[in-house]
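# Secondary and tertiary structure notes
Residues per chain are reported as follows:
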Amino acid sequence: MATELSKGTLFDPELVTDLINKVKGKSSLAKLGTQQPIPFNGMKEFTFTMDSEIDIVAENGKKSHGGVSLAPVTIVPIKFEYGARVSDEFMYASEEAKVDILKAFNEGFAAKVAKGLDIAAFHGFNPRTGSASSVVGNNHFDSKVTQTVTYVAASIDDNIESAIALVEGSDGEVSGMALSPTARQALAALKNSANERLYPELAWGGQPGTINGLAVDVNKTVSNGDVDEAIVGDFANMFKWGYAKEIPMKVIEYGDPDNSGKDLQGYNQVYIRAEIYLGWGILDASSFARIIKGA
């Protein structure tokens, strides 16, 4: 029996890379945003706002003060955990079989992490309970992004234009859009006077990646809070996310680690538990706008 699998250990670098690549493939925020390593004790991101325009100065001319505002945003990693029971035959399997089981667990864990990152950072919810998380607090789009447009299915194209105008009116830029399936369907249904689809690439559940040159990701997590249908903004520069590279994994042989009332030994099971530390920060809320459901 390999003792390293019965005690606390870490995902190996290959599995970590595979995990994060899968997260990027399934999370709108991971796909549209900028990733960087996050230390366990957190980090600060500083955004500089130049208060004036650049100045032209004549030879021997007087220089004036332009002014600058400095706004630090603290990104603190939050622990996300997932565990599952498997037969204790895992402990006696060959190394190859154990690796296959852990790869399968890693794949499932990646999907849950991707969904969890979006739900927490978009809406401030604990993904498992579906209720507001005191750990996340107000560090989420639904709380911080106050620029909104009311969603109208027949006018979704105009809704998006209005949301972009709000961001650009706040001196922001738009690098991407996270879109709910409902909003995607509304866009796919739009037709011109010749009854031709305006966005045929979105028909039949299409996932084009870009629309009109804008990076787009369609994801159910956008509407998980039952408020948003789309979020547009500068995900590339004004949203940062990251993870602490050491991802703990334990194979637990004894007790009732998931509080299910079933002792592991009594049911010939072991419990695989993985934890990941994720952090994110919305550096400038005015660089985003939300398309929200009406009352």
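Throughout what follows, the structure given in this document is the object of discussion. (Residues numbered from 1 in each chain as written. Predicted model: local features only at pLDDT ≥ 70, side-chain atom pairs only at ≥ 80, totals over all residues. Heavy atoms only, no water.)

The secondary structure content of the protein chain amounts to 7 helices and 14 strands. The burial tally for the protein chain puts 43% of its 295 residues in the buried class. Across the protein chain, contacts joining residues at least 24 apart in sequence account for 75% of those joining residues at least 6 apart. Carbon and sulfur atoms make up 49% of the accessible area of the protein chain, which totals about 15,500 Å². (Helix = DSSP H or I, 4+ residues; strand = E, 2+ residues; numbered from the N terminus. Buried < 20%, exposed > 50% of the residue type's maximum accessible area, 1.4 Å probe, protein only. Contact = heavy atoms within 4.5 Å. Areas by Shrake-Rupley, 256 points an atom, 1.4 Å probe, with all protein chains shown as cover.)

Below, the discussion takes up the packing of helix H5 (residues 156-169) against helix H6 (residues 181-189). Remark: H5 packs on H6, axes separated minimally by 9 Å, with the N-to-C direction vectors making an angle of 115 degrees. Where H5 abuts H6, its residues Ile156, Asp157 and Ile160 lie against Ala183, Ala186 and Leu187. Residue classes in the contact of H5 with H6 are distributed as 5 nonpolar, no polar and 1 charged. (Axes fitted to C-alpha atoms, helices over the stretch in contact; angles between N-to-C directions. Nonpolar A, V, L, I, M, F, W, Y, C, P; charged D, E, K, R; others polar.)

Take the packing of helix H1 (residues 13-26) against helix H3 (residues 95-123) next. Any two packed helices are characterised by how steeply their axes cross, that is the angle between the axes, and by the distance between the axes. Following both chains from N to C, one finds H1 and H3 inclined at 40 degrees, their axes separated by 8 Å at the closest point. One finds that H1 runs oblique with respect to H3. Both H1 and H3 take part in a crossing whose hand is right-handed. The segment H1 lies against H3, with Leu15, Asp18, Leu19, Lys22, Val23 and Lys26 engaging Lys103, Asn106, Glu107, Phe109, Ala110, Ala111, Val113 and Ala114. (Parallel < 35°, antiparallel > 145°, perpendicular 65-115°, else oblique. Left-handed = near helix turned anticlockwise from the far one by under 90°.)

This part covers the packing of aromatic side chains. Under the definition given, this model contains 7 aromatic pairs. Measuring from centroid to centroid gives 6.1 Å for phenylalanine 105 and phenylalanine 109, while their planes differ by 20 degrees, and the two rings are stacked. Of this pair, phenylalanine 105 and phenylalanine 109 both sit in helix H3, 4 residues apart, roughly one helical turn. There is no split in this pair, since phenylalanine 105 and phenylalanine 109 are both buried. For the pair phenylalanine 141 and phenylalanine 288, a centre-to-centre distance of 5.1 Å together with 90 degrees between the ring planes defines the contact as edge-to-face. Taken together, the residues span a long stretch of sequence, with phenylalanine 141 in helix H4 (residues 141-144) and phenylalanine 288 in strand E14 (residues 288-292) at a distance of 147 residues. Taking relative accessible area as the criterion, phenylalanine 141 reaches 0% and is therefore assigned buried. Every member of this aromatic cluster is reached through a ring pair, and the members are Phe122, Phe141, Phe235, Phe239 and Phe288. (Phe/Tyr/Trp six-rings, centres within 6.5 Å; stacked < 30°, edge-to-face > 60°.)

The subject of this paragraph is a negative patch on the surface. On the surface, a cluster of negative charge is contributed by Asp158, Glu161, Glu168 and Glu173. Residue classification places glutamate 173 among the exposed residues on the basis of a relative accessible area of 55%. (Patch = residues over 30% accessible without salt bridge, like charges linked within 9 Å, V, L, I, M, F, W, Y side chains within 5 Å. Salt bridge = Lys/Arg side-chain N within 4 Å of Asp/Glu carboxyl O. Lys, Arg positive; Asp, Glu negative; His and termini not counted. Charge placed at Lys NZ, Arg CZ, Asp CG, Glu CD.)

To continue, consider the sheet that holds E14. Read across the open sheet, the 6 strands follow the order E6-E14-E10-E7-E9-E8; overall the sheet is mixed. A strand with exactly one partner marks an edge of an open sheet, and here the two such strands are strand E6 (148-150) and strand E8 (210-211). Sheet strands in contact with H5 are E6, strand E7 (176-179), strand E10 (228-233) and E14, and its direction is about 150 degrees off that of E14. (Pairing = 2+ DSSP bridges.)

Attention now goes to the side chain of glutamate 229. Residue placement: glutamate 229 occurs in strand E10. Judged by its relative accessible area of 4%, glutamate 229 is buried. Of note is the side chain of glutamate 229, whose polar atom sits 2.4 Å from the side chain of serine 180. Those residues within four positions of glutamate 229 in sequence are excluded, and the remaining contacts are Tyr151, Ala178, Leu179, Ser180, Thr182, Ala183, Val222, Ser223, Ile291 and Lys293. (Polar contact = N/O pair within 3.5 Å; in protein donor to acceptor, adjacent residues only side chain to side chain.)

Its place among the elements puts asparagine 159 in helix H5. The contacts of asparagine 159, once residues within four sequence positions are left out, are Val149, Thr150, Tyr151, Val152 and Ile291.

On to the environment of arginine 273, then. With respect to the element layout, arginine 273 can be found in strand E13 (residues 269-282). Residues arginine 273 and glutamate 81, 192 residues apart in the sequence, show an inter-C-alpha distance of 7.2 Å. In this structure arginine 273 touches Glu81, Tyr82, Gly83, Pro248, Met249, Lys250, Ile252 and Pro257, once residues within four positions along its chain are discounted. For arginine 273, the side chain forms a polar contact with the side chain of glutamate 81, separated by 3.3 Å.

Moving on, we get to the nonpolar core. Counting residues in each nonpolar core, the largest one holds 44 residues, and the members touching the most others are Phe11, Phe109, Phe141, Trp241, Ile276 and Trp280. Discounting residues that sit within four places of it in the chain, tryptophan 241 has contacts with Ile20, Lys24, Leu29, Ala30, Gly33, Thr34, Gln35, Gln36, Leu117, Leu278, Gly279 and Trp280. Grouped together as the second largest cluster of nonpolar side chains are 24 residues, Ile164, Val167, Leu202 and Val216 included. (Core = buried A, V, L, I, M, F, W, Y, C linked by side-chain atoms within 4.5 Å.)

Glancing now at the pattern of salt bridges. Enumeration over the complete set of coordinates arrives at 11 salt bridges. Residue lysine 293 is joined to aspartate 226 by a salt bridge in which the shortest nitrogen-to-oxygen separation is 2.8 Å. One end of the pair, lysine 293, is in the segment after E14; the other, aspartate 226, is in the loop between strand E9 (214-218) and E10, with 67 residues separating them in the sequence. One salt bridge connects glutamate 229 with lysine 293, and the closest N-O pair in it is separated by 3.8 Å. On the criterion of sequence distance, the pair formed by glutamate 229 in strand E10 and lysine 293 in the segment after E14 is long-range, its members being 64 residues apart.

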